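A look at the structure
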Amino acid sequence: MRVVNSTRQPTQSERIAALEQRADAHDKVVSEVGEKVGEMYDFFTKARTINWFVVKVFAWIGGGLGFVAVLLTIAANMTKLLGR
């Protein structure tokens, strides 16, 4: 910010020019932050996709192991179930 020694008030066009310069500076900062946020969003979207894939794989494995456990329990107790 510059200090004006005179008591002259800036004209409307000068005030608008100063505001436009400040707006341009803010636009640069906002666009850089927006790019960083976009990169982070892409990273988290990929991580979430990988996370859900891993969860689904382990769910299928757990379901398969549970099914095998039920079959083994039935097979081990087949004599009790048939009454022999």
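The text that follows walks through the structure, step by step, so that each part is easy to find. Residue numbers restart at each chain and count upward from 1, following the sequence in its written direction. Under the rules for a predicted model, residues below a pLDDT of 70 receive no local features and side-chain atom pairs below 80 are neither given nor counted, while totals for whole chains, interfaces and linings still include all residues. Only hydrogens and water are set aside; all other atoms, that is, all heavy atoms of the structure, feed into the side-chain values.

Observations concerning a nonpolar patch on the surface
A contiguous nonpolar patch, built from Ile50, Phe53, Val54, Val57, Phe58, Ile61 and Leu65 and spanning about 700 Å² of accessible area, is present on the exposed surface. Runs of H or I in DSSP of at least four residues are treated as helices and runs of E of at least two as strands, each being numbered from the N terminus. Positionally, Val57 belongs in helix H1 (residues 12–76). With relative accessibility at 33%, the residue Val57 sits in the partly exposed group. Exposure above 30% relative accessible area and the absence of a salt bridge qualify a residue for a patch, where like charges join within 9 Å and nonpolar side chains (Val, Leu, Ile, Met, Phe, Trp, Tyr) within 5 Å. Using a 1.4 Å probe, accessible areas were evaluated by the Shrake-Rupley method; residue-level cover was limited to the displayed protein chains. By salt bridge we mean one thing: a side-chain nitrogen of Lys or Arg within 4 Å of a carboxyl oxygen of Asp or Glu. Note on classification: 1.4 Å probe, protein chains only; a residue is buried when its accessible area is under 20% of the maximum for its type, exposed when over 50%, partly exposed between these limits.

Structural notes on the environment of Phe43
Along the chain, the position of Phe43 falls in helix H1. Spatially, the C-alpha atoms of Phe43 and Thr79 are 56 Å apart, while their sequence positions differ by 36 residues.

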